[in-house]
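Survey of secondary and tertiary structure
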Amino acid sequence: MWDDAFPSFLIGLREGLEAGLIVSILVATLVRAEARSRLPQVWTGVLAAIAVAMSFGAVLTFTAASMPGTAQEAFGGVLSVIAVAFVTAMVFWMRRSARNLSSELKQKVTGALAMGSGMLVLTSFLAVGREGLETALFLWTTAQAAGESAGPLTGAAIGLVLAAGLCWGLYRRVLKINLTKFFTATGVVLIVIAAGVLGYGLRDLQEGGVLPGRTAYAVDLAGSIDAGSWYSTLVQGVFNLMPTMTWLQVVAYVAYLAVVMTLFVRGVRVTAPKARPEPEPESATQRSADGSGAGSAEESGEGSAAPKPATARRRPVWVVPAAVVAVPAVVAGLLVALGRPKPAGDQTVAVSETDCGKGFTAPEPGRQTFQMHNTGRQASEVYLVDPSTDAVYGEIEGLAPGTTRDLVATVAGGTYAWRCVPASGKAVTSKAVTVTGGGAAKPVAPVSEQDLAAPLKSYKAYVGKGLDTLAGQTRILQHDIEGGHLGKARTDWLTAHRTYASLGAAYGTFEDFDKKIDGRADGLPGGERDKDFSGFLRLEYGLWHGGSAKELTGPARQLSADVAGLGKAFPSQDFDPGDLPLRAHEILENTLQFELTGDTDEGSGTNLATADANLAGTRELLTVLKPLLTDRAPKVLPAVDTDIDRVQKLLDAQHDGGHWTPVEKLSDADRRRLDGATGQLLEDLAPIPDLLEIRKSA
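Criteria and cut-off values
Residues numbered from 1 in each chain as written. Predicted model: local features only at pLDDT ≥ 70, side-chain atom pairs only at ≥ 80, totals over all residues. Heavy atoms only, no water. Patch = residues over 30% accessible without salt bridge, like charges linked within 9 Å, V, L, I, M, F, W, Y side chains within 5 Å. Areas by Shrake-Rupley, 256 points an atom, 1.4 Å probe, with all protein chains shown as cover. Salt bridge = Lys/Arg side-chain N within 4 Å of Asp/Glu carboxyl O. Lys, Arg positive; Asp, Glu negative; His and termini not counted. Charge placed at Lys NZ, Arg CZ, Asp CG, Glu CD. Helix = DSSP H or I, 4+ residues; strand = E, 2+ residues; numbered from the N terminus. Axes fitted to C-alpha atoms, helices over the stretch in contact; angles between N-to-C directions. Parallel < 35°, antiparallel > 145°, perpendicular 65-115°, else oblique. Left-handed = near helix turned anticlockwise from the far one by under 90°. Contact = heavy atoms within 4.5 Å. Polar contact = N/O pair within 3.5 Å; in protein donor to acceptor, adjacent residues only side chain to side chain. Buried < 20%, exposed > 50% of the residue type's maximum accessible area, 1.4 Å probe, protein only. Nonpolar A, V, L, I, M, F, W, Y, C, P; charged D, E, K, R; others polar. 1 Å grid on protein atoms, 1.4 Å probe; cavity = no way out; pocket = protein on both sides within 12 Å on 5 of 7 lines; lining within 4 Å. Points joined across faces, edges and corners; volume = space filled by probe spheres on them. Pairing = 2+ DSSP bridges. Expected span 1.5 Å × (residues − 1). Bend = angle between axes of the 7 residues up to and from the residue. pLDDT = per-residue confidence, 0-100. Phe/Tyr/Trp six-rings, centres within 6.5 Å; stacked < 30°, edge-to-face > 60°. Disulfide = S-S within 2.5 Å.

1. A look at a negative patch on the surface
A grouping of Glu-449, Glu-511, Asp-512, Asp-574 and Asp-576 is seen on the molecular surface, where their side chains present a negatively charged patch. Positionally, Asp-512 belongs in helix H14 (residues 512-518).

2. Some details on the packing of helix H12 (residues 449-482) against helix H18 (residues 607-632)
Where H12 meets H18, the axes come as close as 10 Å, and the angle between the chain directions of the two elements is 165 degrees. Put simply, H12 runs roughly antiparallel to H18. Of the two possible hands of crossing, H12 and H18 adopt the one that is right-handed. Along its contact with H12, which presents Asp-451, Leu-452, Pro-455, Ser-458, Tyr-459 and Tyr-462, the element H18 presents Gly-617, Glu-620, Leu-621, Val-624, Leu-625, Leu-628 and Arg-632.

3. What about the side chain of Arg-419?
You can see Arg-419 is positioned in strand E8 (residues 414-422). At 3.0 Å, the side chain of Arg-419 forms a polar contact with the side chain of Asp-390.

4. Looking at the environment of Arg-214
Relative to the elements of secondary structure, Arg-214 occurs in the loop between helix H7 (179-207) and strand E1 (217-220). Its relative accessible area of 42% is what places Arg-214 among the partly exposed residues.

5. Some details on the pattern of salt bridges
Scanning all chains against the criterion turns up 14 salt bridges. The residue Asp-645 makes a salt bridge to Arg-619 at a minimum N-O spacing of 3.8 Å. Residue Asp-645 is found in helix H19 (residues 636-652), and its partner Arg-619 is found in helix H18; the two are separated by 26 residues along the sequence. The residue Asp-670 makes a salt bridge to Arg-673 at a minimum N-O spacing of 2.4 Å. Within this pair, Asp-670 and its partner Arg-673 are both found in helix H20 (residues 668-685), separated by 3 residues, close to a single helical turn. Since its relative accessible area comes to 24%, Asp-670 is described here as partly exposed. In this structure Arg-673 comes out as partly exposed when scored by relative accessible area, which is 47%. Salt bridges linked by common partners bring Asp-480, Lys-488 and Asp-492 together as one network.

6. Quick look at the packing of helix H13 (residues 486-501) against helix H15 (residues 536-543)
Following both chains from N to C, one finds H13 and H15 inclined at 155 degrees, their axes separated by 11 Å at the closest point. Relative to H15, the element H13 is oriented roughly antiparallel. In the crossing of H13 with H15, the sense of the turn from one axis to the other is left-handed. For the pair H13 and H15, contact is made by Leu-486, Ala-489, Arg-490, Trp-493, Ala-496, His-497 and Tyr-500 and by Phe-536, Leu-537, Leu-539, Glu-540 and Leu-543, respectively. Its residues assigned to classes, the contact of H13 with H15 shows 9 nonpolar, 1 polar and 2 charged.

7. Describing empty space enclosed by the protein
Under the counting rule described, the total for this entry stands at 3 cavities of 30 Å³ or more. When its volume is computed, the second largest cavity comes out at roughly 50 Å³. Surrounding the second largest cavity, Leu-588, Thr-591, Leu-596, Ala-611, Leu-615, Val-647, Leu-651, Thr-678 and Leu-681 form its lining. Of all the elements in the fold, those that place two or more residues in the lining of the second largest cavity are helix H17 (579-595), H18, H19 and H20.

8. A look at a nonpolar patch on the surface
Together, Leu-47, Ile-50 and Met-54 line one region of the surface with nonpolar side chains, adding up to about 290 Å² of accessible area. Along the chain, Leu-47 falls in helix H2 (residues 39-65). In this structure Leu-47 comes out as partly exposed when scored by relative accessible area, which is 38%.

9. Here's the deal with the sheet that holds strand E3 (residues 347-351)
Ordered by their spatial adjacency, 3 strands build an open sheet running E3-E4-E7, and the pairing between neighbours is mixed. Each of the sheet's edge strands pairs with one partner strand only, and the pair in question is E3 and strand E7 (404-411). The mean angle between the axes of side-by-side strands here comes to 35 degrees, regardless of whether they run parallel or antiparallel. Where strand E4 (residues 366-374) meets E7, 8 bridges bridge the pair, whose relative direction is antiparallel. Each bridged residue has a counterpart across the sheet, and for His-373 the counterpart in E7 is Thr-404.

10. Looking at H18
Over its 26 residues, H18 extends 35 Å from the first C-alpha to the last, a length consistent with the 38 Å expected when each residue adds 1.5 Å. A bend of about 60 degrees at Lys-626 is the largest found in H18, and the proline Pro-627 appears one to four places after it.

11. Observations regarding the confidence of the model for the protein
Should the pLDDT be low somewhere, the predicted coordinates at that spot are not to be read in detail. Mean pLDDT over the protein works out to 76, with 65% of the residues at or above the 70 mark. Mean pLDDT per element in the protein: helix H10 (residues 284-289) is the minimum at 40, and H13 is the maximum at 96. Scored below 50 in pLDDT, residues 335-345 shows 12 contacts in the model against residues more than four places distant or in partner chains.

12. Digging into the pairing of E3
E3 sits mainly inside the fold: 4 of its 5 residues count as buried. In the sheet, E3 pairs with E4 via 5 bridges, with the strands oriented parallel. Paired with Thr-348 across the two strands is Gln-371, which belongs to E4.

13. Re the packing of aromatic side chains
A full pass over the atoms with the stated rule returns 10 aromatic pairs. Note on Trp-493 and Phe-536: the rings are 6.4 Å apart at their centroids and 75 degrees apart in plane angle, and the pair reads as edge-to-face. Here Phe-536 lies in helix H15 and Trp-493 lies in helix H13, a separation of 43 residues in the sequence. As far as burial versus exposure is concerned, Trp-493 and Phe-536 are alike and both buried. Ring centres of Tyr-500 and Phe-536 lie 6.1 Å apart, and the angle between their planes is 40 degrees; this geometry places the pair in the tilted category. Taken together, the residues Tyr-500 in helix H13 and Phe-536 in helix H15 connect sequence positions 36 residues apart. Linked through ring pairs, Trp-493, Tyr-500, Phe-510, Phe-536, Trp-544 and Phe-570 together constitute an aromatic cluster.

14. Concerning unusual backbone geometry
Not every positive phi belongs to a glycine, and Asp-390 is a case in point at roughly 65 degrees. Locating Asp-390 in the fold gives a position in the loop between strand E5 (380-386) and strand E6 (391-399).

15. Comments concerning the state of the cysteines
In total, this model carries 1 disulfide according to the counting rule given. Each disulfide pairs two cysteine sulfurs, and for Cys-356 the partner residue is Cys-420, the sulfurs being separated by 1.9 Å. Looking down the S-S bond of the Cys-356 and Cys-420 bridge, the torsion is 70 degrees, so its handedness is right-handed. Of this pair, Cys-356 sits in the loop between E3 and E4 while Cys-420 sits in strand E8, and the two are 64 residues apart along the sequence. Of the two residues, Cys-356 and Cys-420, neither departs from the other in class, the shared state being buried.

Right, dumping it as structure tokens:
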């Protein structure tokens, strides 16, 4: 795509023109010095520089491919920052050197002729090699930013070919180009592009864990900008500006532009041609370098006196060029071979709502990393599946348009295909490929709404029965308060609240009733005294802070009415089957966040009793999901059961009859053990939502 190719086209054109001018001047100087026999030495140095640059690019590519995902991010980020430094130095150097490039090089060539063939090879190698290495590094970083290499390589190739044509035209006095103005104009554009590369590199360093602030977003336009639109793609490809950028990226981008552009423009204004005494008249090649004429390369060596070429030793003319080209390639090959434990299996796979899996070929067996690039206009879920059974080997959720993310999966013998599920529209499945040999990989068996129908029915029956019980308990609580029996009300309050807490999996379906029945005072203007503070926690605050029966009668009646209303509404409320597996983790996640921190304690000190009820609700939920889990992950439930028993014993140790130890009075050791056991339980529960996720099929 042109947006990915343009930065590379520009760098190829500039670096190619620099290197081409250097080679033209070297050749012209030798021709005018009647030393044509030395031309193979120039081309030997040029070929060596090209070989080193290409080998450097290969080492970068294969070294990064052998790294883990976070290390790849850090490696790419560091090289992006280095590339920005090189490009910045290059645009300043060329702005200063364009006028005097010819005379400086002519002096070096004259000196190299006097010192022998080795120095001439070295002169041409060093003159071209720097541009080659800079080009390789910048191409690698732009390809990383683009998520693909075809566009950047195409752009660079076009730029290099055009640069070669311009240099030939200058050599033959066909073209007249003011090189100072050319390098100034392209320098301005390259500074803007380099600012984007810097931002992209810093983001890679954040993703790799080297720099902080990966979630501190200064700009987040992902919800309001179509990342797949032509204008968004153009801006992202050319300038590396993304819809979502962190503060570090934005500050670095603005600071780099402000400082570097100011220095560059100021340098352009104050730089004036410097008169340099020359021992001979100005040549046409010198005039082409400072933009004043076509620049016949044949005149650039006028007035120079070169020594006669030394007698060449007998050896084939191809030996040295072949050696200098082969040695870097061999060294690069050894670095790649020794640095990678196995052949690269990474693939870049396209994702879109119409063409899923473009670029997918049969991978090698083993653990593989696939780079999933969303080329469409919608966010999409992506699955690596067995198309015959719909079993899932790996997945990515919410892959945004224009972004690339890694999907890691273990591949063994079998049939594989990609399934792309856009936010709206039908799922698309790629052509299947077959992998032979290589161990075993156990995919996740698909789950349908039909599979979850029976567990959902059982769980809704459990919740319905619990709500009936709760309605009776809240009526008793209401009567206690109306009769002024506040001591009994405290006991009955805890009984009713534990019943409600044991129905945790249904929170998502209780809709507004949950806020009325068990809402917190957080965020209310008046806190616990706010008129909108109601339900169990409102009564808890009053009962344990000296509230009178008269004061609490209204909230008690309201709670009883809300529970009765929920009981009537629940049978007709929508309960998404896909929510059932999610609650297996979320119930105790909330417990760890609110109950085991004492955050929801309004005076009763019974957070551990609520945690105990949440644990009972989790156990009930796992009971109804057990048939599905046993088939798909037989080792999960035994581990979870062991964890639940451990947490249960720790909770049992903190109450005596109806009295529970308040969280703030737990010993440090007991608190650490309880938090640690609950954290381990959450870790073992974490795979359940993925194992029982309802995935859209083709």
